[in-house]
Amino acid sequence: MLVLGIESSCDETGLALYDTQDGLLAHALYSQVAMHEQYGGVVPELASRDHIQRAIPLLEQVLAQSGRPRTAIDVIAYTQGPGLAGALLVGASVACGLGLALDKPVLGVHHLEGHLLSPLLARDPPAFPFIALLVSGGHTQLMRVDGVGQYALLGETLDDAAGEAFDKSAKLLGLGYPGGPAISRLAEFGDPDVYSLPRPMLHSKNLNFSFSGLKTAVLTVVKNQITNICEQDKANVARAFVDAIVEVLVAKCLAALKQTGLKRLVIAGGVGANRQLREALNAQAEKKRFKVFYPELEFCTDNGAMIAFAGAMRLQRNPDAAQREYSFNVRPRWPLEQLQA
Ligand code: KG4
Ligand code: ZN
């Protein structure tokens, strides 16, 4: 079965073709980062308009890459939510328009399920059950994953998401958007002993997170030096920020593994691309004898491959999940726990 995946929930247009026999045949991505950069964050209306322009050329690109004709597509899977309403509507309307034109069924996919299952696209995929840390721009959650559609929420952020904390702190340091990769790079040059930032909820005895205080702590440090924060000091703050957030994320992952007795940890979502987080987790995995799995770097951040794959997994469990029903609604707010198994 050949599944076309369409991702358009935020500022990346991603299309991919996944074949249940032959695996991932093609994927293509257009990132709007350069367009949003000048505004310091995603401008929803501009995002929607850009998705409209990119979707069809990217479709042509993946079809050409795969060498299959468009009529070979069996099902069209698209991100139905959560995300920006206007941006989601573009992917949904392209999917349903295409479905109607080709007489193929369509399937709305949960964006976070895409992220959660993305490590299964890697060369060394994890077996179920596993603990998943989902760390993206909008979400920070620890889940127990027993199979496709079997997700139990163990803990989540009470305020900002980890990626949001990265982005906001980077903005305070004048690093532009998106700030995660930039602050991570700068931290490499920072002295770890100059600043100490709080580790929110490190000892909370539950698996929840809170990152808004960390961003405020960065603001306080930056404000105190507003006259001339030198490059080295910026790097020192970046280092203190990364050390704090990584320590909390790692500690909560270890606590989740201990609580459930599981030995497999999956890291999904954009912050999963973070080098310091990976190094810290790898060190702990070796020490504490558990295994940690990451999606391929290109599938950490938003992409169409994870949507095509999550769609294919759903269809394997329930072939009727996709329908020739082309009136659509998107779900900008859609808790993963509400997803039907
Ligand atoms: O999963 P994703 O692409 O989009 C959402 O679904 O939100 O995640 C984007 C987030 C952004 O906040 C970005 O700054 C962060 O992931 N990110 C990183 C890195 N690469 C992306 N954060 C820290 N280090 C990175 N290397
Ligand atoms: Zn995402």
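Caption draft 1: Spatial organisation of the domain arrangement of the chain. Looking at the chain, the domain boundaries give domain 1 (2-116 + 299-338) and domain 2 (127-294). The interface is formed by 19 residues belonging to domain 1 together with 22 residues belonging to domain 2. Its largest share of buried area at the contact with domain 2, domain 1 owes to Leu112, Leu116 and Cys300, together 34% of the area lost on that side. Scanning the region where domain 1 abuts domain 2 turns up 5 residue pairs in polar contact (both at pLDDT 80 or more). At the level of secondary structure, the elements contributing two or more residues to the side of domain 1 that touches domain 2 comprise helix 1 (33-37), helix 4 (111-117) and helix 10 (305-317).

Caption draft 2: Looking closely at the site of ligand 1. Around ligand 1, the surrounding shell holds 19 residues, and the nearest of these are Gly137, Asp167, Gly270, Asn274 and Asp302. At a separation of 3.1 Å, an oxygen atom of ligand 1 approaches a polar side-chain atom of His115. One nitrogen or oxygen atom from the side chain of Asn274 is found 3.0 Å from a nitrogen atom belonging to ligand 1. Look at ligand 1: alone it shows 560 Å² of surface, and the protein chains cover 87% of it. Elements with a minimum of two residues in the shell around ligand 1: helix 4, helix 5 (162-172) and helix 6 (179-187). Considering every element that reaches the shell around ligand 1, the biggest residue donor is helix 5, with 3 residues. Split into classes, the residues belonging to the shell around ligand 1 amount to 6 nonpolar, 11 polar and 2 charged. Two domains each put at least three residues into the shell around ligand 1: domain 1 (2-116 + 299-338) and domain 2 (127-294).

Caption draft 3: Geometry of the sheet that holds strand 6 (residues 130-135). The strand order across the open sheet formed by 5 strands is 8-7-6-9-10, and the pairing between neighbours is mixed. Two strands bound the open sheet, and with one partner strand each, they are strand 8 (150-156) and strand 10 (291-293). Shown here is a sheet whose adjacent strand axes are inclined to one another by a mean of 25°, direction ignored. As judged from the 6 bridges shared by strand 6 and strand 7 (residues 140-147), these two strands associate in the antiparallel manner. Of the residues in strand 7, the one forming a bridge with Ile131 is Arg144. Here helix 8 (residues 231-260) sits on the sheet and contacts strand 6, strand 7, strand 8 and strand 9 (264-268); the angle it forms with strand 6, its principal contact strand, is near 155°.

Caption draft 4: A look at the packing of aromatic side chains. Taken as a whole, this structure holds 4 aromatic pairs when the rule is applied. Relative to Phe309, the ring of Tyr18 has its centre 5.1 Å away and its plane inclined at 85°; by these criteria the two rings are edge-to-face. Pair noted here: Tyr18 is in strand 2 (residues 12-19) and Phe309 is in helix 10, with a separation of 291 residues, a long-range link. Between the NZ or CZ atom of Arg54 and the centre of the ring of Tyr30, over which it lies, the distance is 3.8 Å.

Caption draft 5: Expanded view of the coordination of the zinc ion (ligand 2). In the first shell of the zinc ion (ligand 2), the protein supplies His111 (NE2), His115 (NE2) and Asp302 (OD), at 2.0 to 2.1 Å from the metal. Accessibility expressed as a relative area gives 7% for His111, which makes it buried.

Caption draft 6: Structural context of the pattern of salt bridges. Considering all chains together, one arrives at 17 salt bridges under this definition. Between Asp243 and Arg239 there is a salt bridge, and its shortest N-O distance comes to 3.1 Å. Highlighted residues: Asp243 and Arg239, both in helix 8, separated by 4 residues, approximately one helical turn. Several salt bridges share partner residues, and in doing so they unite Asp160, Glu164, Lys168 and Lys215 into one network.

Caption draft 7: Here's a closer look at the side chain of Thr157. The topology assignment puts Thr157 in the loop between strand 8 and helix 5. Within the structure, Thr157 has its side chain in polar contact with the backbone oxygen of Asp160 (distance 2.6 Å). There is a polar contact of 3.5 Å between the side chain of Thr157 and the backbone oxygen of Phe209. Not counting chain neighbours up to four residues away, the residues in contact with Thr157 comprise Thr140, Phe209, Ser210 and Phe211.

Caption draft 8: Structural detail: the sheet that holds strand 5 (residues 106-110). One open sheet accounts for 5 strands, arranged 3-2-1-4-5; its pairing is mixed. Looking along the sheet, the strands with just one partner apiece sit at the ends: strand 3 (23-31) and strand 5. The sheet shows a mean angle of 20° between the axes of neighbouring strands, direction not considered. Contacting strand 1 (2-7), strand 4 (75-81) and strand 5, helix 3 (residues 85-102) runs over the sheet at an angle of about 160° to strand 4.

Caption draft 9: A look at the pairing of strand 8. The pairing of strand 7 with strand 8 spans 6 bridges and is classified as antiparallel. In the strand pairing of strand 8, Met143 is matched with Leu153. Hairpin connection of strand 7 to strand 8: 2 residues between the antiparallel strands, including Gly149 at a positive phi of 85°.

Caption draft 10: Highlighting helix 10. Between the first and last C-alpha of helix 10 there are 19 Å, a value that for 13 residues agrees with the 18 Å anticipated at 1.5 Å per step. For helix 10, a buried count of 11 out of 13 residues is recorded, marking the element as mostly surrounded by other parts of the structure.

Cut-offs and rules
Residues numbered from 1 in each chain as written. Chains lettered and ligands numbered in written order. Predicted model: local features only at pLDDT ≥ 70, side-chain atom pairs only at ≥ 80, totals over all residues. Heavy atoms only, no water. Domains from an automatic or database assignment. Contact = heavy atoms within 4.5 Å. Buried area = accessible area lost by both parts, 1.4 Å probe. Polar contact = N/O pair within 3.5 Å; in protein donor to acceptor, adjacent residues only side chain to side chain. Helix = DSSP H or I, 4+ residues; strand = E, 2+ residues; numbered from the N terminus. Near = heavy atom within 4 Å. Areas by Shrake-Rupley, 256 points an atom, 1.4 Å probe, with all protein chains shown as cover. Nonpolar A, V, L, I, M, F, W, Y, C, P; charged D, E, K, R; others polar. Pairing = 2+ DSSP bridges. Axes fitted to C-alpha atoms, helices over the stretch in contact; angles between N-to-C directions. Phe/Tyr/Trp six-rings, centres within 6.5 Å; stacked < 30°, edge-to-face > 60°. Lys NZ or Arg CZ within 6 Å of the ring centre and 35° of its normal. Donors = N, O, S within 2.8 Å, 3.2 Å for Na, K, Ca; no water. Buried < 20%, exposed > 50% of the residue type's maximum accessible area, 1.4 Å probe, protein only. Salt bridge = Lys/Arg side-chain N within 4 Å of Asp/Glu carboxyl O. Expected span 1.5 Å × (residues − 1).

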